[in-house]
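Below, each chain spelled out in residue letters.
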Amino acid sequence: CDIDLSRKFWRENLAGAKPSILELNNKQSDSDHRLVEAVEVSTSRYITQRLHDIEKKQGLTSSSIFQSALSIVLHQYLQTNDLTFGVVISGRAINT
């Protein structure tokens, strides 16, 4: 994979995209910007099994379901219809 080609692709395709800033409700001052590095979510065995059933029935992946849920949450939180977020997928060509 050519890193320069990848950078060019993303620069062109994300040109004009505006960043969304997710603010934490508990920040103490305007200069107190904290980065959320990880969020852990756990579900019951029942919910996990239901998600797997939906994935199998609809031909989806856990990742696509999570990304859909994330889109809904970000849409509500940021009050925008224009969302861009990315997922790193190792070993895939940029045209797939």
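Numbering of residues starts from 1 in every chain and runs along the sequence as written. Totals for whole chains, interfaces and linings use all residues, but because this is a predicted model, local features are given only for residues with pLDDT of at least 70 and pairs of side-chain atoms are given and counted only at 80 or more. Side-chain figures throughout are based on the complete set of non-hydrogen atoms in the structure, without hydrogens or water.

1. Comments concerning the overall build of the chain
Going along the chain from the N terminus, every DSSP run of H or I of four or more residues is numbered as a helix, and every run of E of two or more is numbered as a strand. Secondary structure summary: the chain contains three helices and zero strands in total. Traced from its N-terminal end to its C-terminal end, the chain shows the element sequence α-α-α. Here the chain, with 96 residues, has 3% of them falling under the buried criterion. Only the protein chains shown count as cover for residues, and the accessible areas themselves come from Shrake-Rupley with a 1.4 Å probe. Of the accessible surface of the chain, which amounts to about 9,100 Å², a share of 54% is contributed by carbon and sulfur atoms. Only protein chains enter the area calculation, which uses a 1.4 Å probe; residues under 20% of their type maximum are buried, those over 50% are exposed, and those in between are partly exposed.

2. Description of helix H2 (residues 45-58)
The α-helix winds at 3.6 residues per turn, so residues separated by three or four positions along the chain end up facing the same way. Under the convention used throughout, the expected extent of a helix is 1.5 Å for every residue step, that is, one less than its residue count. For H2, spanning 14 residues, the distance from its first C-alpha to its last is 20 Å, which sits close to the expected 20 Å at 1.5 Å a residue. Once H2 ends, the next one or two residues include Gly-59, with phi positive near 70°.

3. Re the side chain of Glu-55
Topologically, Glu-55 is positioned in helix H2. In terms of polar contacts, Glu-55 uses its side chain to reach the side chain of His-52, at 3.3 Å. Whether two residues are in contact is decided by their heavy atoms, any of which lying within 4.5 Å being enough. Excluding anything up to four places from it in sequence, Glu-55 contacts Leu-60, Thr-61, Ser-62 and Ile-65. Two N or O atoms form a polar contact when they lie within 3.5 Å of each other; inside protein one atom must be a possible hydrogen donor and the other a possible acceptor, and for residues adjacent in sequence the pair counts only when both atoms belong to side chains.

4. A few points about helix H3 (residues 62-78)
Taking 1.5 Å per residue, 17 residues should reach 24 Å; H3 reaches 24 Å between its end C-alpha atoms and fits that length. Positive backbone phi, approximately 55°, marks Gln-79, located one or two places after H3.

5. A look at the environment of Thr-61
Summarising the element assignment, Thr-61 is placed in the loop between H2 and H3. For Thr-61, a relative accessible area of 47% gives the class partly exposed. Here the alpha-carbon distance between Thr-61 and Leu-51, two residues 10 residues apart in the chain, equals 9.5 Å.

6. A short note on a nonpolar patch on the surface
Within the patch definition used here, like charges are joined within 9 Å and nonpolar side chains (Val, Leu, Ile, Met, Phe, Trp, Tyr) within 5 Å, considering only residues with over 30% relative accessible area and no salt bridge. One speaks of a salt bridge when a side-chain nitrogen belonging to Lys or Arg is within 4 Å of a carboxyl oxygen belonging to Asp or Glu. Where nonpolar side chains cluster on the molecular surface, the patch consists of Tyr-46, Ile-47, Leu-51, Ile-54 and Leu-60 and spans about 440 Å² of accessible area. Looking at where Ile-54 falls in the secondary structure, it is placed in helix H2. For Ile-54, a relative accessible area of 34% corresponds to the partly exposed category.

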